[in-house]
Amino acid sequence: MKHKKMRTTLLIVLIAMAVLAVAACIVLRRPVFGDTPGGERLARMMRSPAWRDGRFHNRLPTPVMTDSGGGVLANMYEFLFVSRPDVTPLAPLTMVKRDLSRLPADRDLYVWFGHSSYLLSLRGTSVLVDPTLCTAAPFSFANRAFAGTDRYRPADMPAVIDYLVITHDHYDHLDYETVRQLRPRVRRVICPLGVGAHFERWGFRPDRITELDWDETATGPDGMRFHCLTARHFSGRTLRRNTTLWASFLVETEGMRIFIGGDSGYGPHFQQIGARFGSIDLAILENGQYDSRWPHIHTLPHQLGREAVELRARQVITVHHSKYALARHPWDEPLRNELRARDAYSLHLIVARLGDITPLRLR
(Lines give C-alpha, C1' and ligand atoms only; values in the text may rest on other atoms or scores of the structure.)
Protein backbone atom coordinates (compact mmCIF):
# COMPACT_ATOMS: atom_id res chain seq x y z
CA MET A 1 0.00 0.00 0.00
CA LYS A 2 2.81 2.37 0.95
CA HIS A 3 4.65 1.81 -2.34
CA LYS A 4 1.44 2.27 -4.30
CA LYS A 5 0.85 5.69 -2.67
CA MET A 6 4.42 6.68 -3.44
CA ARG A 7 4.01 5.68 -7.10
CA THR A 8 0.74 7.61 -7.30
CA THR A 9 2.34 10.69 -5.74
CA LEU A 10 5.31 10.48 -8.09
CA LEU A 11 2.99 10.11 -11.09
CA ILE A 12 1.01 13.19 -10.03
CA VAL A 13 4.23 15.19 -9.62
CA LEU A 14 5.49 14.12 -13.04
CA ILE A 15 2.17 14.96 -14.69
CA ALA A 16 2.15 18.37 -12.97
CA MET A 17 5.71 19.05 -14.15
CA ALA A 18 4.81 18.03 -17.69
CA VAL A 19 1.74 20.28 -17.67
CA LEU A 20 3.80 23.21 -16.37
CA ALA A 21 6.47 22.60 -19.02
CA VAL A 22 3.88 22.55 -21.81
CA ALA A 23 2.20 25.66 -20.39
CA ALA A 24 5.56 27.46 -20.22
CA CYS A 25 6.28 26.58 -23.85
CA ILE A 26 2.88 27.89 -24.91
CA VAL A 27 3.28 31.11 -22.93
CA LEU A 28 6.79 31.74 -24.24
CA ARG A 29 5.55 31.44 -27.83
CA ARG A 30 3.32 34.48 -27.37
CA PRO A 31 4.37 37.27 -29.77
CA VAL A 32 5.23 39.61 -26.89
CA PHE A 33 8.37 37.58 -26.17
CA GLY A 34 9.72 38.19 -29.66
CA ASP A 35 11.89 35.68 -31.50
CA THR A 36 15.28 34.02 -31.24
CA PRO A 37 17.82 35.08 -33.89
CA GLY A 38 18.82 32.42 -36.38
CA GLY A 39 20.19 31.88 -39.87
CA GLU A 40 22.29 34.66 -41.39
CA ARG A 41 21.32 37.01 -38.57
CA LEU A 42 22.84 34.64 -36.02
CA ALA A 43 25.90 34.09 -38.22
CA ARG A 44 26.47 37.85 -38.33
CA MET A 45 26.06 38.09 -34.55
CA MET A 46 28.65 35.36 -34.07
CA ARG A 47 31.15 37.42 -36.08
CA SER A 48 30.83 40.31 -33.62
CA PRO A 49 33.85 40.96 -31.36
CA ALA A 50 31.35 41.15 -28.47
CA TRP A 51 30.09 37.58 -29.05
CA ARG A 52 31.57 34.53 -27.38
CA ASP A 53 30.32 31.39 -25.70
CA GLY A 54 26.90 31.74 -27.29
CA ARG A 55 26.05 35.27 -26.12
CA PHE A 56 27.10 38.91 -26.13
CA HIS A 57 29.46 40.33 -23.50
CA ASN A 58 30.27 43.79 -22.23
CA ARG A 59 33.75 45.10 -22.87
CA LEU A 60 34.37 45.12 -19.12
CA PRO A 61 33.38 42.41 -16.62
CA THR A 62 29.81 43.41 -15.74
CA PRO A 63 27.89 41.30 -13.24
CA VAL A 64 24.21 42.19 -13.23
CA MET A 65 24.22 42.12 -9.42
CA THR A 66 26.98 42.33 -6.85
CA ASP A 67 27.54 39.60 -4.26
CA SER A 68 25.90 41.83 -1.66
CA GLY A 69 22.71 41.97 -3.67
CA GLY A 70 21.26 38.79 -2.18
CA GLY A 71 20.62 37.19 -5.57
CA VAL A 72 17.75 37.32 -8.03
CA LEU A 73 15.19 35.63 -5.78
CA ALA A 74 15.88 37.92 -2.82
CA ASN A 75 15.60 41.00 -4.99
CA MET A 76 12.42 39.72 -6.61
CA TYR A 77 10.91 39.11 -3.17
CA GLU A 78 11.76 42.64 -2.09
CA PHE A 79 10.35 44.11 -5.30
CA LEU A 80 7.07 42.23 -4.97
CA PHE A 81 6.46 42.17 -1.22
CA VAL A 82 8.47 44.86 0.59
CA SER A 83 6.51 48.09 0.62
CA ARG A 84 8.21 51.45 0.06
CA PRO A 85 5.64 54.26 0.13
CA ASP A 86 7.90 56.77 -1.65
CA VAL A 87 8.63 54.55 -4.65
CA THR A 88 5.50 55.78 -6.45
CA PRO A 89 3.88 59.24 -6.39
CA LEU A 90 1.09 59.85 -3.88
CA ALA A 91 -0.97 61.71 -6.49
CA PRO A 92 -1.22 61.48 -10.30
CA LEU A 93 1.60 63.24 -12.12
CA THR A 94 0.82 66.10 -14.47
CA MET A 95 1.43 65.22 -18.09
CA VAL A 96 0.80 67.66 -20.91
CA LYS A 97 -0.65 66.30 -24.13
CA ARG A 98 0.09 68.04 -27.43
CA ASP A 99 -0.91 67.49 -31.02
CA LEU A 100 2.13 65.84 -32.58
CA SER A 101 0.67 65.66 -36.08
CA ARG A 102 1.70 69.21 -37.02
CA LEU A 103 5.18 69.71 -35.61
CA PRO A 104 7.00 72.57 -37.38
CA ALA A 105 9.54 71.37 -39.91
CA ASP A 106 11.93 74.27 -39.34
CA ARG A 107 12.75 73.57 -35.67
CA ASP A 108 14.44 70.99 -33.48
CA LEU A 109 12.06 69.62 -30.82
CA TYR A 110 11.94 67.04 -28.03
CA VAL A 111 8.88 65.35 -26.51
CA TRP A 112 9.32 63.13 -23.45
CA PHE A 113 6.70 60.45 -22.72
CA GLY A 114 8.23 59.38 -19.41
CA HIS A 115 10.90 56.79 -18.63
CA SER A 116 13.15 56.38 -21.71
CA SER A 117 10.51 57.04 -24.37
CA TYR A 118 10.88 60.24 -26.35
CA LEU A 119 10.42 61.81 -29.76
CA LEU A 120 13.02 63.95 -31.50
CA SER A 121 11.75 66.10 -34.35
CA LEU A 122 14.85 67.40 -36.14
CA ARG A 123 13.82 69.90 -38.80
CA GLY A 124 10.92 67.70 -39.79
CA THR A 125 12.66 64.32 -39.44
CA SER A 126 11.07 62.24 -36.69
CA VAL A 127 13.20 59.97 -34.51
CA LEU A 128 11.21 57.95 -31.95
CA VAL A 129 13.31 56.31 -29.24
CA ASP A 130 12.39 53.28 -27.07
CA PRO A 131 8.61 53.92 -27.02
CA THR A 132 6.64 52.16 -24.26
CA LEU A 133 3.18 53.63 -24.70
CA CYS A 134 1.13 50.55 -23.77
CA THR A 135 2.93 48.35 -21.26
CA ALA A 136 6.51 47.80 -20.12
CA ALA A 137 6.10 44.13 -19.23
CA PRO A 138 5.08 40.87 -20.90
CA PHE A 139 1.80 40.91 -18.95
CA SER A 140 -0.44 43.97 -18.67
CA PHE A 141 -0.91 43.67 -14.90
CA ALA A 142 2.84 43.99 -14.23
CA ASN A 143 4.92 47.16 -14.01
CA ARG A 144 2.09 49.66 -14.29
CA ALA A 145 2.87 53.26 -15.20
CA PHE A 146 2.49 55.97 -12.59
CA ALA A 147 -0.97 57.51 -12.55
CA GLY A 148 -1.20 60.37 -15.02
CA THR A 149 1.75 59.30 -17.20
CA ASP A 150 -0.12 57.22 -19.79
CA ARG A 151 -1.89 59.98 -21.75
CA TYR A 152 -0.04 59.29 -25.01
CA ARG A 153 -0.85 56.21 -27.05
CA PRO A 154 0.63 54.92 -30.33
CA ALA A 155 -2.15 56.64 -32.27
CA ASP A 156 -0.89 60.00 -30.95
CA MET A 157 2.51 59.67 -32.61
CA PRO A 158 3.31 61.47 -35.87
CA ALA A 159 1.79 59.98 -39.00
CA VAL A 160 5.28 59.22 -40.31
CA ILE A 161 8.09 58.00 -38.06
CA ASP A 162 11.23 58.29 -40.12
CA TYR A 163 13.37 56.36 -37.64
CA LEU A 164 12.39 54.11 -34.76
CA VAL A 165 15.48 53.66 -32.58
CA ILE A 166 15.63 50.81 -30.05
CA THR A 167 18.60 50.67 -27.67
CA HIS A 168 17.95 47.13 -26.39
CA ASP A 169 15.14 44.61 -26.07
CA HIS A 170 14.10 44.93 -22.41
CA TYR A 171 10.36 45.46 -22.01
CA ASP A 172 10.71 48.99 -20.64
CA HIS A 173 12.46 49.96 -23.90
CA LEU A 174 10.81 47.71 -26.48
CA ASP A 175 7.06 47.34 -26.05
CA TYR A 176 5.46 44.84 -28.41
CA GLU A 177 2.02 46.41 -28.46
CA THR A 178 3.40 49.89 -29.09
CA VAL A 179 5.58 48.91 -32.05
CA ARG A 180 2.87 46.61 -33.43
CA GLN A 181 0.48 49.54 -33.64
CA LEU A 182 3.17 51.84 -35.02
CA ARG A 183 4.31 49.45 -37.74
CA PRO A 184 2.45 51.14 -40.66
CA ARG A 185 4.02 54.51 -39.74
CA VAL A 186 7.65 53.41 -39.36
CA ARG A 187 9.96 53.91 -42.31
CA ARG A 188 13.09 52.44 -40.73
CA VAL A 189 14.04 50.61 -37.53
CA ILE A 190 17.54 51.20 -36.12
CA CYS A 191 18.55 48.65 -33.48
CA PRO A 192 21.48 46.58 -32.17
CA LEU A 193 22.38 43.14 -33.50
CA GLY A 194 19.75 40.46 -33.02
CA VAL A 195 16.89 42.77 -32.06
CA GLY A 196 15.63 42.69 -35.64
CA ALA A 197 14.43 39.11 -35.07
CA HIS A 198 11.70 40.48 -32.79
CA PHE A 199 10.61 43.00 -35.39
CA GLU A 200 10.47 40.44 -38.18
CA ARG A 201 8.25 38.21 -36.08
CA TRP A 202 6.02 41.21 -35.46
CA GLY A 203 5.49 41.79 -39.18
CA PHE A 204 8.15 44.39 -40.03
CA ARG A 205 9.72 44.00 -43.45
CA PRO A 206 13.40 42.93 -43.26
CA ASP A 207 14.44 45.69 -45.68
CA ARG A 208 13.20 48.29 -43.18
CA ILE A 209 15.32 46.98 -40.31
CA THR A 210 18.93 48.09 -39.81
CA GLU A 211 20.86 46.13 -37.18
CA LEU A 212 24.22 47.43 -36.04
CA ASP A 213 27.16 46.20 -34.03
CA TRP A 214 29.14 48.50 -31.74
CA ASP A 215 31.22 50.96 -33.81
CA GLU A 216 29.15 50.47 -36.95
CA THR A 217 27.37 53.33 -38.71
CA ALA A 218 24.24 53.45 -40.87
CA THR A 219 23.24 56.37 -43.08
CA GLY A 220 19.60 57.03 -43.91
CA PRO A 221 18.30 58.20 -47.30
CA ASP A 222 18.17 61.76 -45.95
CA GLY A 223 21.83 61.66 -44.91
CA MET A 224 21.16 61.25 -41.19
CA ARG A 225 23.83 59.04 -39.65
CA PHE A 226 23.38 56.62 -36.75
CA HIS A 227 26.55 55.55 -34.98
CA CYS A 228 26.03 52.44 -32.85
CA LEU A 229 28.17 52.78 -29.73
CA THR A 230 29.07 50.90 -26.59
CA ALA A 231 26.80 50.66 -23.56
CA ARG A 232 27.37 48.69 -20.37
CA HIS A 233 24.20 46.74 -19.76
CA PHE A 234 22.54 43.44 -20.76
CA SER A 235 19.54 42.21 -22.74
CA GLY A 236 16.79 39.60 -22.81
CA ARG A 237 13.01 39.14 -22.92
CA THR A 238 13.00 35.67 -21.32
CA LEU A 239 15.16 33.96 -18.72
CA ARG A 240 17.93 33.66 -21.30
CA ARG A 241 20.09 36.79 -21.32
CA ASN A 242 22.36 38.52 -23.82
CA THR A 243 21.26 36.77 -27.02
CA THR A 244 20.79 40.25 -28.53
CA LEU A 245 23.08 43.26 -28.28
CA TRP A 246 22.48 46.47 -26.28
CA ALA A 247 23.84 49.84 -27.37
CA SER A 248 23.92 53.59 -27.23
CA PHE A 249 23.64 55.67 -30.40
CA LEU A 250 24.89 58.97 -31.69
CA VAL A 251 22.69 60.70 -34.26
CA GLU A 252 24.57 63.00 -36.59
CA THR A 253 22.92 65.35 -39.07
CA GLU A 254 23.94 68.67 -40.60
CA GLY A 255 26.85 69.02 -38.20
CA MET A 256 24.69 68.36 -35.14
CA ARG A 257 25.27 65.46 -32.75
CA ILE A 258 22.79 63.91 -30.30
CA PHE A 259 23.81 61.10 -27.97
CA ILE A 260 21.12 58.52 -27.15
CA GLY A 261 22.46 56.81 -24.05
CA GLY A 262 20.00 53.95 -23.59
CA ASP A 263 20.73 52.03 -20.38
CA SER A 264 24.34 51.93 -19.27
CA GLY A 265 26.47 51.68 -16.20
CA TYR A 266 29.50 53.95 -15.97
CA GLY A 267 32.65 52.95 -17.82
CA PRO A 268 35.51 54.26 -19.97
CA HIS A 269 33.28 54.28 -23.05
CA PHE A 270 31.86 57.69 -22.12
CA GLN A 271 35.28 59.30 -22.31
CA GLN A 272 36.10 57.36 -25.47
CA ILE A 273 32.90 58.53 -27.19
CA GLY A 274 33.56 62.12 -26.17
CA ALA A 275 37.11 61.96 -27.53
CA ARG A 276 35.96 60.35 -30.78
CA PHE A 277 33.34 62.97 -31.65
CA GLY A 278 34.98 66.03 -30.11
CA SER A 279 31.76 67.51 -28.78
CA ILE A 280 28.13 66.45 -28.48
CA ASP A 281 25.34 69.00 -28.78
CA LEU A 282 22.88 67.05 -26.62
CA ALA A 283 23.36 63.99 -24.44
CA ILE A 284 20.23 62.12 -23.33
CA LEU A 285 21.33 60.07 -20.33
CA GLU A 286 19.66 57.56 -18.05
CA ASN A 287 19.00 58.74 -14.50
CA GLY A 288 16.90 56.37 -12.47
CA GLN A 289 16.22 52.71 -11.59
CA TYR A 290 19.67 52.54 -9.98
CA ASP A 291 20.68 50.58 -6.90
CA SER A 292 23.95 49.87 -5.11
CA ARG A 293 23.26 46.17 -5.69
CA TRP A 294 23.49 46.59 -9.47
CA PRO A 295 26.07 49.39 -9.84
CA HIS A 296 27.57 48.17 -13.12
CA ILE A 297 24.46 48.17 -15.34
CA HIS A 298 22.86 51.53 -14.47
CA THR A 299 24.26 54.99 -13.82
CA LEU A 300 24.54 55.82 -10.14
CA PRO A 301 23.61 59.38 -9.05
CA HIS A 302 27.19 60.52 -8.44
CA GLN A 303 28.22 59.34 -11.93
CA LEU A 304 25.67 61.32 -13.94
CA GLY A 305 27.58 64.60 -14.12
CA ARG A 306 30.86 62.83 -14.78
CA GLU A 307 29.39 61.01 -17.79
CA ALA A 308 28.12 64.29 -19.26
CA VAL A 309 31.53 65.94 -18.84
CA GLU A 310 33.40 62.98 -20.35
CA LEU A 311 31.02 62.97 -23.31
CA ARG A 312 31.80 66.68 -23.81
CA ALA A 313 28.08 67.36 -23.91
CA ARG A 314 26.99 70.96 -24.38
CA GLN A 315 23.47 70.17 -23.13
CA VAL A 316 21.97 67.30 -21.12
CA ILE A 317 18.51 65.77 -20.72
CA THR A 318 17.91 62.89 -18.31
CA VAL A 319 15.44 60.03 -18.78
CA HIS A 320 14.68 56.58 -17.29
CA HIS A 321 12.52 58.01 -14.51
CA SER A 322 9.07 59.45 -13.72
CA LYS A 323 6.95 56.63 -15.15
CA TYR A 324 7.86 53.21 -13.68
CA ALA A 325 9.27 51.96 -10.39
CA LEU A 326 11.91 49.37 -11.30
CA ALA A 327 14.14 50.15 -8.32
CA ARG A 328 13.53 51.01 -4.68
CA HIS A 329 14.67 54.64 -4.63
CA PRO A 330 12.06 57.42 -4.15
CA TRP A 331 10.34 58.09 -7.45
CA ASP A 332 11.35 61.78 -7.52
CA GLU A 333 14.94 61.30 -6.38
CA PRO A 334 16.25 61.39 -9.98
CA LEU A 335 14.72 64.86 -10.36
CA ARG A 336 16.82 66.04 -7.45
CA ASN A 337 19.88 64.16 -8.66
CA GLU A 338 19.91 65.92 -12.02
CA LEU A 339 19.87 69.31 -10.30
CA ARG A 340 22.75 68.26 -8.05
CA ALA A 341 24.73 67.12 -11.11
CA ARG A 342 23.92 70.39 -12.88
CA ASP A 343 25.25 72.45 -9.99
CA ALA A 344 28.29 70.26 -9.27
CA TYR A 345 29.46 70.07 -12.90
CA SER A 346 28.04 73.33 -14.32
CA LEU A 347 25.90 71.44 -16.81
CA HIS A 348 23.48 73.04 -19.23
CA LEU A 349 20.53 70.91 -18.10
CA ILE A 350 17.24 70.87 -19.98
CA VAL A 351 14.37 69.89 -17.68
CA ALA A 352 11.50 68.76 -19.90
CA ARG A 353 7.87 68.62 -18.79
CA LEU A 354 6.20 65.26 -19.28
CA GLY A 355 4.44 65.21 -22.64
CA ASP A 356 5.22 68.79 -23.59
CA ILE A 357 7.03 69.99 -26.72
CA THR A 358 10.47 71.25 -25.69
CA PRO A 359 12.38 73.42 -28.19
CA LEU A 360 16.05 72.52 -28.66
CA ARG A 361 18.89 74.82 -29.63
CA LEU A 362 21.37 72.51 -31.28
CA ARG A 363 22.74 74.38 -34.31
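Please refer to the structure placed before this passage.
Computed from a predicted model, the values in this text were never measured in an experiment.

### Topic: the overall build of the protein
Scanning the protein for helices and strands turns up 8 helices and 15 strands. Of all 363 residues assigned to the protein, the portion counted as buried reaches 54%. Surface exposure of the protein reaches about 17,000 Å², of which carbon and sulfur atoms provide 56%.

### So, the sheet that holds strand β14 (residues 316-319)
In spatial order, the strands read β9-β10-β11-β12-β13-β14; together these 6 strands make up an open sheet with mixed pairing. Each end of this open sheet is capped by a strand with a single partner; those strands are β9 (217-219) and β14. This sheet shows a mean twist of 15° between the axes of neighbouring strands, independent of strand direction. Sheet topology note: the strand β11 (residues 248-253)/strand β12 (residues 256-260) ladder contains 5 bridges and is antiparallel. What sits directly across from T253, in β12, is M256. Against the sheet, helix α6 (residues 269-277) engages β9, β10 (225-229), β11, β12 and β13 (282-286), with an angle of about 150° to β10. Its contacts with the sheet place helix α7 (residues 304-311) against β12, β13 and β14, and it is angled at close to 150° to β13.

### Considering helix α8 (residues 333-345)
An ideal rise of 1.5 Å per residue puts 18 Å on 13 residues; α8 measures up with 18 Å between its terminal C-alpha atoms. Of all the residues in α8, the buried ones are P334, N337, E338 and A341. The buried side chains of α8 occupy one side of the element, clustering within an arc of 100° when seen end-on. Each element contacted by the buried residues of α8 is listed here: α7 and β14. S346 sits one or two positions beyond α8 and adopts a positive phi of about 55°.

### A word on unusual backbone geometry
The phi torsion at R312 lies on the positive side, around 60°, for a residue other than glycine. Residue class for R312 comes out partly exposed when judged on its relative accessible area of 45%.

### Here's the deal with the sheet that holds strand β5 (residues 125-129)
Hydrogen bonds between backbone atoms are what pair the strands of a sheet, whose relative direction is either parallel or antiparallel. Strand order across the open sheet formed by 7 strands is β8-β7-β6-β5-β4-β3-β15, with mixed pairing between neighbours. Of all the strands in the sheet, just β8 (209-212) and β15 (357-360) have a single pairing partner and so form its edges. Recorded for the sheet is a direction-independent mean angle of 20° between the axes of neighbouring strands. Relative to β8, strand β7 (residues 189-192) is paired through 4 bridges, and the arrangement is parallel. Within the sheet, the bridge partner assigned to C191 lies in β8 and is E211.

### Here we look at the pairing of β10
Across the 5 residues of β10, 4 count as buried, placing the element largely inside the fold. Linking β9 to β10, which pair antiparallel, is a turn of 5 residues; within it G223 sits at a positive phi near 90°.

### Some points on the environment of F204
Relative to the elements of secondary structure, F204 occurs in the loop between α5 (196-201) and β8. Here the alpha-carbon distance between F204 and V186, two residues 18 residues apart in the chain, equals 9.1 Å.

Basis of the calculations
Residues numbered from 1 in each chain as written. Predicted model: local features only at pLDDT ≥ 70, side-chain atom pairs only at ≥ 80, totals over all residues. Heavy atoms only, no water. Helix = DSSP H or I, 4+ residues; strand = E, 2+ residues; numbered from the N terminus. Buried < 20%, exposed > 50% of the residue type's maximum accessible area, 1.4 Å probe, protein only. Areas by Shrake-Rupley, 256 points an atom, 1.4 Å probe, with all protein chains shown as cover. Pairing = 2+ DSSP bridges. Axes fitted to C-alpha atoms, helices over the stretch in contact; angles between N-to-C directions. Contact = heavy atoms within 4.5 Å. Expected span 1.5 Å × (residues − 1). Arc of directions from axis to C-beta.

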